[in-house]
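Single-letter residue listing:
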Number of protein chains: 2
Amino acid sequence: MKRTIFLYGLALAALITLLKFLEYRLFVRDLSMEFYIGIIALMFTVLGVWVGLKLTRKKTIIINPNFQFDESRLEKYGISKREYEVLELMSKGHSNQEIADKLFVSLNTVKTHSSNLFLKLEAKRRTQAIQRAKELALIP
Amino acid sequence: MKRTIFLYGLALAALITLLKFLEYRLFVRDLSMEFYIGIIALMFTVLGVWVGLKLTRKKTIIINPNFQFDESRLEKYGISKREYEVLELMSKGHSNQEIADKLFVSLNTVKTHSSNLFLKLEAKRRTQAIQRAKELALIP
DNA sequence: AACCAAATCACCCTTTCGGGTGAAGGTTTT
DNA sequence: AAAACCTTCACCCGAAAGGGTGATTTGGTT
């Protein structure tokens, strides 16, 4: 982060130097105003894109490839064991009926669990719930 | 994506209008050159940051950092570009209607694409298709 | 004993999904 | 030109999913 800011300062300094040089050329010679403005706009756009990239790249790494189950995370979101079992099967692509068969409960029960899951994970659909759960490292 | 580019164009147009206005003020009145340059630099930096953010936001959602997109895999399963776009949005938890809105096509079109996807991925449900696609390293 | 959270199930109703089929327009390949 | 493929869209219909509400049982806590 500090390095990014340092590099940003460096780039800024370089830009200003270049600008001053261009400014000199502008007033002494034949460079048109439009060209000058264009250069400035281009340079600062590039600079802005670069800064934007630098500042957001970090968020990419937040999530985990090597999954480690952590029960405290479940408590954090108030997800019970049974709900978690439903969530796991759900993420593997099973239908509610299949989940009901595997857990030896009725279809209605699975629906209740999944409804509660959606509330706790702030999801509207099961695919969204799965996505959320992965982001929260609840499931691999 | 198309929307981003469109908005970018719009923002650019607005900026240029503002620039022309400032340019007028500069030559007719009392605005200093430095001030003018500063405004331009600032505006285009902001624009650049915004564009940078827009272009990288997608990568923020990636769960598996060691994912490498490989087009040959898609060909292996006969998945077209459009179908792949649907698959991506699907895996992010969007409904068919939401996907249709994002891709600027009708709900029926999305259904067709997803049906074809299920055939090609040998899946019965969208959750299963997502699971399969991840196993096949088609999506992160 | 009283209380509470979890788990179970039911019923009703709406929305979303998914399968099947057909079709039109466009591009690429043969 | 014909064939093959992609993309787009439509209609119908049944299956699955999801929301809301209420009820019962059970195990653990107070």
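Our structure's up above, just so we're on the same page.
The rules behind these values
- Residues numbered from 1 in each chain as written.
- Chains lettered and ligands numbered in written order.
- Predicted model: local features only at pLDDT ≥ 70, side-chain atom pairs only at ≥ 80, totals over all residues.
- Heavy atoms only, no water.
- Near = heavy atom within 4 Å.
- Polar contact = N/O pair within 3.5 Å; in protein donor to acceptor, adjacent residues only side chain to side chain.
- Helix = DSSP H or I, 4+ residues; strand = E, 2+ residues; numbered from the N terminus.
- Nonpolar A, V, L, I, M, F, W, Y, C, P; charged D, E, K, R; others polar.
- Buried < 20%, exposed > 50% of the residue type's maximum accessible area, 1.4 Å probe, protein only.
- Contact = heavy atoms within 4.5 Å.
- Expected span 1.5 Å × (residues − 1).
- Arc of directions from axis to C-beta.

1. Focus on the protein's contact with DNA strand C
And then number 1: In the region of DNA strand C, 17 residues are neighbours, and S80, V105, S106 and T109 of chain A together with R126 of chain B sit closest.
And then number 2: A breakdown of the atoms of DNA strand C within 4 Å of the protein gives sugar and phosphate a share of 68%.
And then number 3: Side-chain polar atom of R82 of chain A to a phosphate oxygen of DNA strand C: 3.0 Å apart, as the coordinates give it.
And then number 4: Within the backbone of R126 of chain B, one N or O atom sits 2.7 Å away from a phosphate oxygen of DNA strand C.
And then number 5: Counting residues per element, the ones that place at least two in the surface near DNA strand C are helix 4 (81-91) and helix 6 (107-121) of chain A together with helix 6 (107-121) of chain B.

2. Side note on the protein's contact with DNA strand D
And then number 1: Neighbouring DNA strand D are 17 residues; R126 of chain A together with S80, V105, S106 and T109 of chain B lie closest to it.
And then number 2: Backbone sugar and phosphate groups make up 66% of those atoms of DNA strand D lying within 4 Å of the protein.
And then number 3: Put simply, the parts of the chain that give the surface near DNA strand D at least two residues each are helix 6 of chain A together with helix 4 (81-91) and helix 6 of chain B.
And then number 4: Ranked by the residues each element gives to the surface near DNA strand D, the list is headed by helix 6 of chain B, at four residues.
And then number 5: For the surface near DNA strand D, the class distribution of residues is two nonpolar, nine polar and six charged.

3. Overview of helix 7 (residues 126-135) of chain B
And then number 1: Here helix 7 of chain B has its buried residues at R126, T127, Q128, A129, I130 and A133 of chain B.
And then number 2: Elements that come into contact with the buried residues of helix 7 of chain B comprise helix 4 and helix 7 (126-135) of chain A together with helix 4, helix 5 (96-103) and helix 6 of chain B.
And then number 3: Of the residues trailing helix 7 of chain B, A137 of chain B is marked for its positive phi of about 60°.

4. Remarks on helix 6 of chain A
Residues and elements named next belong to chain A.
And then number 1: A rise of 1.5 Å per residue sets the reference length of helix 6, with its 15 residues, at 21 Å; its end C-alpha atoms lie 21 Å apart and thus fit the reference within 8%.
And then number 2: Looking only at helix 6, the buried set comprises V110, H113, S114, L117, F118 and L121. Buried residues of helix 6, viewed axially, fall in a sector of 140°; they line one side. Facing away from the buried surface of helix 6 by more than 90 degrees, the exposed residues are N108 and L119.
And then number 3: Packed against the buried residues of helix 6 are helix 4, helix 5 (96-103) and helix 7.
And then number 4: Positive backbone phi, at 55°, marks E122, one or two positions downstream of helix 6.

What is shown is where atoms sit, not what they do.
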